[in-house]
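What follows is the residue order along each chain.
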Amino acid sequence: MLRGTAALVVVLGAFLPREDGALAVYTGGKWQRWYSTATAPERWGRPLPLVADAVTWIRAAQGMEVGRLRLSGPGEAWRVGVVLVRIDPAEVEWKLHWGMAAGDRKAWTIDSAPPSAILAMNAGMFNAGAPFGWTVIEGQQWGTVGTGAIAPAFVVDSVGGLALIPAESLQIRRARRGVSLAFQSYPELLRDDGTLPAMIRPGTAAINLTHRDGRLALGHLRDGRWIVALTRFEGVGGAFSFLPFGLTVPEMAALMGALGCDRAVSLDGGVSAQLAVRDSAGVWQRWPGVRKVALGLTLEPR
């Protein structure tokens with residue numbers, strides 16, 4: 001099925017406006033260019049108003065706000081919708097859920113979240129079917145530190161402190177104990193106060209920087225809040241929103257930087273990416289994935 005729909009989008013793409021290496025945001029009733037591969041900064045020191053101010057935030061369940069963006073880029077990124085969730089960590093509790101079933105099957109989806117959850121999403125990456133790298137659930141270690149220079153870990157300590165720990169510091173942090181929740185993921189998008197890791201800068205051969213995909217990312221904002229960003233393909237009237245088409249890794253890093261993140265990491269994307277948020281009326285708003293995953297992350301009111 002994906003082959004047929006992918007071919008359709010490629011054909012349609014020949015008739016769509018494209019400017020290689022550039023992204024535009026829909027704001028003020030028009031498309032405005034805000035990013036170019038040729039002029040991309042190596043560090044995002046502050047939010048980019050053209051992007052950050054284009055988001056209208058709506059209050060959701062306790063401690064959360066939901067916003068939307070529309071982006072346009074080259075090829076199959078012609079129309080990309082972005083769902084954003086801004087989170088006040090003082091108002092919520094983070095829960096990690098083991099998603100592996102008998103026979104080494106990935107079994108978790110957003111529909112697996114408990115009734116008390118106000119947000120549900122997939123977490124981390126997977127390796128040979130199991131969660132990748134260091135995994136801690138309710139203080140219990142489920143995995144060892146995975147290798148990779150751009151594979152940080154999201155960590156919640158025993159007193160509720162949150163951090164995105166770079167790969168080179170994970171062994172030290174693990175030895176200190178006092179971790180109640182942790183999962184690794186990759187690639188790292190922003191580090192060291194908004195700096196792009198060298199391995200995801202244009203011109204590097206470390207990873208594929210031109211592949212377009214559906215994306216899911218978790219970032220830390222400079223004001224102390226956290227943000228989740230999920231992309232969805234919106235071409236062809238949104239009829240193929242399930243397709244894993246969207247941004248490149250550098251473009252996703254730019255989006256998180258433009259929104260005001262000083263640290264960010266990509267989570268499992270493509271057909272695995274999924275998100276559900278409870279709105280202020282208690283209604284579950286869902287953006288499901290196609291594939292079941294190995295780890296789930298939920299929030300509950302504190």
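Let me begin by describing the structure that accompanies this report. (Residues numbered from 1 in each chain as written. Predicted model: local features only at pLDDT ≥ 70, side-chain atom pairs only at ≥ 80, totals over all residues. Heavy atoms only, no water.)

## Section: the overall build of the protein
And step 1. When helices and strands are counted, the protein shows 4 helices and 23 strands.
And step 2. Over its C-alpha atoms the protein spans a radius of gyration of 18 Å, differing by no more than 12% from the 19 Å that the globule rule assigns to 302 residues.
And step 3. Its C-alpha atoms give the protein principal-axis dimensions of roughly 55 × 40 × 35 Å.
And step 4. Taking all 302 residues of the protein together, 55% fall into the buried category.
And step 5. Looking at the protein alone, contacts between residues at least 24 apart form 71% of all its contacts between residues at least 6 apart.
And step 6. Averaged over its 31 positive side-chain charges, the protein has a centre that lies 3 Å from the centre of its 25 negative ones. (Helix = DSSP H or I, 4+ residues; strand = E, 2+ residues; numbered from the N terminus. Rg over C-alpha atoms; globule rule 2.2 N^0.38 Å. Buried < 20%, exposed > 50% of the residue type's maximum accessible area, 1.4 Å probe, protein only. Contact = heavy atoms within 4.5 Å. Lys, Arg positive; Asp, Glu negative; His and termini not counted. Charge placed at Lys NZ, Arg CZ, Asp CG, Glu CD.)

## Re the side chain of glutamine 184
And step 1. Within the element layout of this structure, glutamine 184 appears in strand 16 (residues 179-184).
And step 2. Engagement of the side chain of glutamine 184 in a polar contact is seen with the backbone nitrogen of tryptophan 134, the distance being 2.8 Å.
And step 3. Separated by 2.9 Å, the side chain of glutamine 184 and the backbone oxygen of alanine 151 make a polar contact.
And step 4. Setting aside its immediate chain neighbours within four residues, glutamine 184 contacts Gly124, Met125, Phe132, Gly133, Trp134, Thr144, Val145, Gly146, Ala151, Pro152, Ala153 and Leu170. (Polar contact = N/O pair within 3.5 Å; in protein donor to acceptor, adjacent residues only side chain to side chain.)

## Digging into the sheet that holds strand 16
And step 1. Strand order across the open sheet formed by 5 strands is 13-12-16-14-15, with antiparallel pairing between neighbours. Looking at strand neighbours, the two that pair on one side only are strand 13 (140-141) and strand 15 (162-165), the edges of this open sheet.
And step 2. Here 3 bridges tie strand 12 (residues 135-137) to strand 16, and the two strands are oriented antiparallel to one another. Pairing of threonine 135 across the sheet is with phenylalanine 183, part of strand 16. (Pairing = 2+ DSSP bridges.)

## Comments concerning the side chain of aspartate 157
And step 1. Structurally, aspartate 157 can be placed in strand 14 (residues 153-157).
And step 2. Put simply, aspartate 157 is tucked away with no salt bridge, and the nearest opposite charge, on arginine 173, sits 4.8 Å away.
And step 3. A distance of 2.6 Å separates the side chain of aspartate 157 from the backbone nitrogen of glycine 161, its partner in a polar contact.
And step 4. Not counting residues within four places of it along the chain, the set of residues in contact with aspartate 157 comprises Arg173, Gly178, Val179 and Ser180. (Salt bridge = Lys/Arg side-chain N within 4 Å of Asp/Glu carboxyl O.)

## Some points on the pairing of strand 20 (residues 261-267)
And step 1. Counted residue by residue, strand 20 has 6 buried out of 7 residues, so it is predominantly covered.
And step 2. Sheet topology note: the strand 17 (residues 188-190)/strand 20 ladder contains 2 bridges and is antiparallel. In the strand pairing of strand 20, glutamate 188 is matched with valine 265.
And step 3. Bridge count for strand 18 (residues 216-221) against strand 20 is 6 bridges, and the pairing is antiparallel. When the bridges of strand 20 are listed, glycine 219 appears paired with alanine 264.

## Digging into the pattern of salt bridges
Should the charged atoms of two oppositely charged side chains come close, the side chains can pair.
And step 1. The tally for this structure, following the rule as stated, stands at 14 salt bridges.
And step 2. With a shortest N-O distance of 3.7 Å, arginine 263 and aspartate 262 are connected by a salt bridge.

## What to know about the sheet that holds strand 21 (residues 275-278)
And step 1. Spatial ordering of the open sheet is given by 6-23-9-21-22, a layout of 5 strands whose pairing is antiparallel. The strands lining the two open edges of the sheet, one partner per strand, are strand 6 (92-98) and strand 22 (284-287). Across the sheet, the axes of successive neighbouring strands diverge by a mean angle of 15 degrees, strand direction being ignored.
And step 2. Bridge count between strand 9 (residues 119-122) and strand 23 (residues 295-301): 4 bridges; the pairing is antiparallel. Each residue of the ladder has a partner; that of alanine 120, found in strand 23, is threonine 298. (Axes fitted to C-alpha atoms, helices over the stretch in contact; angles between N-to-C directions.)

## Looking at helix 4 (residues 249-258)
And step 1. When you tally the buried positions in helix 4, you get 10 out of 10 residues, the bulk of the element.
And step 2. Restricting attention to buried positions, one finds in helix 4 the residues Val249, Pro250, Glu251, Met252, Ala253, Ala254, Leu255, Met256, Gly257 and Ala258.
And step 3. Looking at the residues trailing helix 4, positive phi occurs at glycine 260, about 110 degrees.

These figures come from the coordinates and say nothing about function on their own.
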